[in-house]
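What follows is each chain in one-letter form.
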Amino acid sequence: HGVHSLKARAGHHLTPQVLSNGRNVFEELGRGFTLFAFGADAGAFEQAAAQRQAPLKIVRDSGQVARDNYGASLILVRPDQHIAWAGDAVPDAGATFRKVTGQ
C-alpha cells in the first residue's frame with residue numbers, strides 16, 4: 001500500500017500539474033532533461049548542462065499552485081519522466097549534473 005503524494009521527490013515519477021499557461025507539465029517536457037523553475041533562478045543548471053553538453057529544456061513558470069503542490073521551486077526531470085533532483089536552493093549544479101548524467 002503506497003501513499004499518493006504530489007510532492008516532487010528524487011527517484012519518483014513526475015506527478016501531473018497544470019502550469020500557469022494552462023498546459024500540463026507533461027506537455028512541456030523536453031527530449032532530454034527538463035528543469036521546471038517556479039519563480040526560481042535556473043542559471044546555474046543552465047550553465048552546468050551547457051558545460052556537459054547535456055540536453056536541458058528550462059520551463060519557467062510563475063504558478064504558485066504547482067510550486068506549492070510539488071514542494072519545490074526547482075525540479076530537474078530525467079528523460080524518463082522521473083525526478084532527478086528537487087529543491088528550493090540551488091545546489092552545486094555542476095556536481096548535480098555530473099551525478100544525474102553518470103559522469
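Please refer to the structure placed before this passage.
Residues numbered from 1 in each chain as written. Predicted model: local features only at pLDDT ≥ 70, side-chain atom pairs only at ≥ 80, totals over all residues. Heavy atoms only, no water.

Colleague: Which parts of the structure should I look at to understand the nonpolar core?
Modeller: The nonpolar side chains of a soluble globular protein tend to be buried with one another. With 15 residues, the main nonpolar core has L35, A42, F45, L74, L76, W85 and F97 as its most contacted residues. When residues of this core are traced back to their parent elements, those giving at least two are strand 1 (33-38), helix 2 (43-51), strand 3 (74-77), strand 4 (83-87) and helix 4 (93-100). Those residues within four positions of F97 in sequence are excluded, and the remaining contacts are F33, F45, A48, A49, R52, A54, L56 and L76. In terms of nonpolar packing, the next biggest core, distinct from the first, is built from 14 residues, F38, Y70, I75 and V77 among them. (Core = buried A, V, L, I, M, F, W, Y, C linked by side-chain atoms within 4.5 Å. Buried < 20%, exposed > 50% of the residue type's maximum accessible area, 1.4 Å probe, protein only. Helix = DSSP H or I, 4+ residues; strand = E, 2+ residues; numbered from the N terminus. Contact = heavy atoms within 4.5 Å.)

Colleague: Hey, could you run me through helix 2 in this one?
Modeller: Helical geometry: 3.6 residues make up each α-helical turn, so side chains three or four residues apart lie on a common side. Every buried residue of helix 2 is accounted for by G43, F45, A48 and A49. Buried residues along helix 2 sit in contact with strand 1, strand 2 (56-61), strand 3, strand 4 and helix 4. Just past helix 2, the residue Q53 takes up positive phi, approximately 50°.

Colleague: Quick question: what am I supposed to make of the pairing of strand 1 here?
Modeller: Side-chain direction in a regular strand flips from residue to residue, so the side chains alternate between the two faces of the sheet. A large share of strand 1 lies buried, amounting to 6 of its 6 residues. Side chains F33, L35 and A37 of strand 1 all project onto a buried face; the interleaved residues T34, F36 and F38 project onto the opposite face, where all are buried too. Of the pairings in the sheet, the one linking strand 1 to strand 2 comprises 6 bridges and is parallel in character. Bridged to A37 within strand 2 is R60. In this fold, strand 1 hands off to helix 2, which returns the chain to strand 2; that crossover is right-handed. Across 4 bridges, the pairing between strand 1 and strand 3 is antiparallel. Bridged to A37 within strand 3 is L74. (Pairing = 2+ DSSP bridges. Right-handed = clockwise from strand over helix to strand, strands pointing away.)

Colleague: What exactly am I supposed to notice about the packing of aromatic side chains here?
Modeller: To describe a pair of aromatic rings, one takes the distance between the centres and the angle between the planes. A full pass over the atoms with the stated rule returns 5 aromatic pairs. Taking the centre distance of 6.2 Å and the plane angle of 10° together, the rings of F36 and F38 count as stacked. Just as F36 is buried, F38 falls in that class too. On the numbers, 6.0 Å between centres and 40° between planes, the contact of F38 with Y70 is tilted. (Phe/Tyr/Trp six-rings, centres within 6.5 Å; stacked < 30°, edge-to-face > 60°.)

Interpretation note: all reported values are geometric properties and have no functional meaning in isolation.
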